[in-house]
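Summary of the model geometry
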Amino acid sequence: MYDNHILTDVGCRNVWENGKKVGYGVNLKINYYRGLPLCCVDEIALEVDGEKVDPADMVVQHRGREYPYLEILKDDFPTDFYWVFGEMLRVVIKKENGIAQGRHQVKLKLATRRSYTPTMSATCEKTLTFA
Amino acid sequence: MKTNRDIKLGVSLYSYQDNYYFHKHDLEGCIAAAAGSGAEGIEVFADSMIAEWPYITDAFVDKWNGLMARYGVEQVCLDHFADRAMWKNKQLSDDQLFERSSMYIKAARKLGCSTVRILHNEHIGTGFSPVRLTDVKEVERLLPLCAELGVMMALECHAPTTIDDSIHEPYLEVAEKLGMPFVGLQADFSSYEYCFSKAGIGMMVRQGATEEILHFVRNSQREAYFNGVPFVYDEIKHLVEKMNPNEVDRKILPRIAKKSPASYETLKKYASKLVYVHGKFFDFDENGQVDNIDYPKVLQALQEGGYKGYISSEFEGNRSMNDIGWVDEIEYVRKHQALMRDCLGYNG
């Protein structure tokens, strides 16, 4: 379905604060034919240049708000924040010195829970250029 | 363009999902595409194309009504989902699911839809959904709200079920018991597939299946159907075995070998009772016919049986073909609407 498109090449860049790199971000799209509440995200797993990203270092930016990734997995996360169909969900990885500018191999596993099918998992691997 | 016909044609915006996902068209673009295909009704997936979902503002309602007026179409159905598995270790309670379902029904009313496609527990049979969807008890609780708002809950009878499958009956019984006729049967043409569509072949091959085997099984299904005999996979199984099926083939075959169309006679008998119809399709053959559903026969049964309501195009070939490139959903739906008008005698 949309497996090849869940990892986008839009907005891949370092995140800076006070002239220093403090992390980097990627934008994801949903692996389903409709939007889902953010709490229906079962897993976002990232691997960059063969190294697993620690989920505790990830934050999710959605419609002007930011949530630690591990928060959205909790059993009391609100049900009315929708990851809108076709809309990008930004994942920022907090990391001192960010990522070296240039090309990196990024692998994403995205799993979402739906109402009438079992949890669906999609993977996508791409070479992305980070600004 | 609005008509006074008994059977009207609509488009489910599901059909344009790639156009929306890849930002080729927004909600207005999809409605323009549907209207341009000649349809007069719109089925909307609030979860996909209403960006402010799950809440709908008055400003959106005004925009929506404006779109309906500008394109000369009307809203016919809103799709309901039953997302009970909200969290990893916890699910919505029955009360919470009821609240969410009520939200969909109220949204439908707000947008002027007289029908909600309800995701009932048995819509694709039993044993597939990992969670309990909208069951009979839930529908019983929703009926007073539907009666108050005048919204019909359409029970989509999707393959492998059929409209006369007894698993849908308890829902109708509960409506009768309460004297609230606000739940009814919705036919989905997936029940009338006589073979699998060629739209799926490419994807199955890319997943590792053997193309020759798929074509052989599909051709056998078509041959059986056009000769008026039931397709029995066991009769060709030994021939398939000679073609050395691999593991992927063995996994796929039991699923695709099951295709046999539900009865057109039964469809005719039920037609006047149906509350909504999904004109499902995946691809066309070289003669412009849907390549795995006998549209002339299905539409004839609905017409002769006295169906009054909408048939909405539901293009699903996008999902099987978009892994290798762009699928021209707008063109598919345009052809589909023309085919349905042909079958119903609207072009002459």
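Computed from a predicted structure; not experimentally measured.

So, how was this worked out
All residue numbers refer to position in the chain's written sequence, counted from 1. Lettering of chains starts at A and numbering of ligands starts at 1, both following the order in which they are written. For this predicted model, a pLDDT threshold of at least 70 governs which residues receive local features, and a threshold of 80 or more governs which side-chain atom pairs are given and counted, while totals over whole chains, interfaces and linings are taken from all residues. Water and hydrogen atoms were dropped before computing side-chain values, which therefore reflect all heavy atoms in the structure. Domain boundaries shown here were taken from an automatic or database domain assignment. Contacts are assigned to residue pairs that have any heavy atoms within 4.5 Å of one another. What counts as buried area is the accessible surface, traced by a 1.4 Å probe, that two parts surrender upon association, with contributions from both included. Each salt bridge in this description consists of a side-chain nitrogen of Lys or Arg and a carboxyl oxygen of Asp or Glu lying within 4 Å of one another. Two strands are said to pair when DSSP picks up at least two bridges between them. Numbering of helices and strands runs from the N terminus; a helix is a DSSP stretch of H or I covering at least four residues, while a strand is a stretch of E covering at least two. Under this scheme, a helix contributes an axis fitted over its contacting stretch, all axes are lines through C-alpha atoms, and angles between N-to-C directions fall in the 0 to 180 degree range. Identification of polar contacts relies on pairs of N or O atoms within 3.5 Å, with a donor-acceptor requirement for protein atoms, meaning one able to donate a hydrogen and the other able to accept it, and with residues adjacent in sequence counted only if both atoms are side-chain atoms. Per-residue accessibility, obtained with a 1.4 Å probe over protein chains only, is compared with the maximum for each type, and a residue is labelled buried under 20%, exposed over 50%, and partly exposed between these values.

Observations concerning the domain arrangement of chain B
Residue and element names in this part refer to chain B. Along its sequence, chain B is carved into domain 1 (7–193 + 261–344) and domain 2 (201–256). With centres defined by C-alpha atoms, the gap from domain 1 to domain 2 works out at 30 Å. Taken together, the contact pairs 11 residues of domain 1 with 5 residues of domain 2. Of the roughly 590 Å² buried where domain 1 meets domain 2, counting both sides, 41% is carbon and sulfur surface. Sorting the residues of domain 1 by area buried against domain 2 places Asp291, Ser320 and Asp323 first, and these three jointly supply 49% of that buried surface. If you look at where domain 1 meets domain 2, you find 2 salt bridges.

Re the sheet that holds strand β9 (residues 89–94) of chain A
Whenever strands of a sheet pair, they do so through backbone hydrogen bonds, lying parallel or antiparallel. All names here are of chain A. Pairing is antiparallel across the open sheet formed by 5 strands, whose spatial order is β1-β2-β9-β6-β7. Every other strand in the sheet has two partners, leaving β1 (13–17) and β7 (65–68) as the edge strands with one partner each. Between one strand and the next, the sheet's axes are offset by a mean angle of 30°, whatever the strand orientation. As paired elements, strand β6 (residues 58–62) and β9 share 4 bridges and run antiparallel to each other.

Some thoughts on the interface of chain B and chain A
Taken together, the contacts link 37 residues of chain B with 34 residues of chain A. Between chain B and chain A, a total of about 3100 Å² is buried, with carbon and sulfur atoms accounting for 54% of that surface. Three residues, B:Tyr21, B:Trp87 and B:Lys88, lead the burial of chain B against chain A; their summed loss comes to 24% of the area buried on that side. Of the charged contacts, one joins B:Asp83 and A:Arg34 as a salt bridge, the two residues approaching to 2.8 Å between their closest N and O atoms. For the pair chain B and chain A, the interface holds 20 residue pairs in polar contact (both at pLDDT 80 or more).

A closer look at the pattern of salt bridges
Residues and elements named next belong to chain B. For the structure shown, the criterion picks out 27 salt bridges over all chains. Two residues, Glu241 and Arg250, come together in a salt bridge whose shortest N-O distance is 3.0 Å. Judged by relative accessible area, which is 34%, Glu241 ranks as partly exposed. Here Asp294 makes a salt bridge to Lys297, at a shortest N to O gap of 3.9 Å. Taking the relative accessible area as the measure of exposure, Asp294 reaches 12% and is therefore buried. You can call Lys297 partly exposed: its relative accessible area is 40%. Connected through salt bridges with shared partners, the residues Asp188, Lys280, Glu314, Glu316 and Arg319 form a single ionic network.

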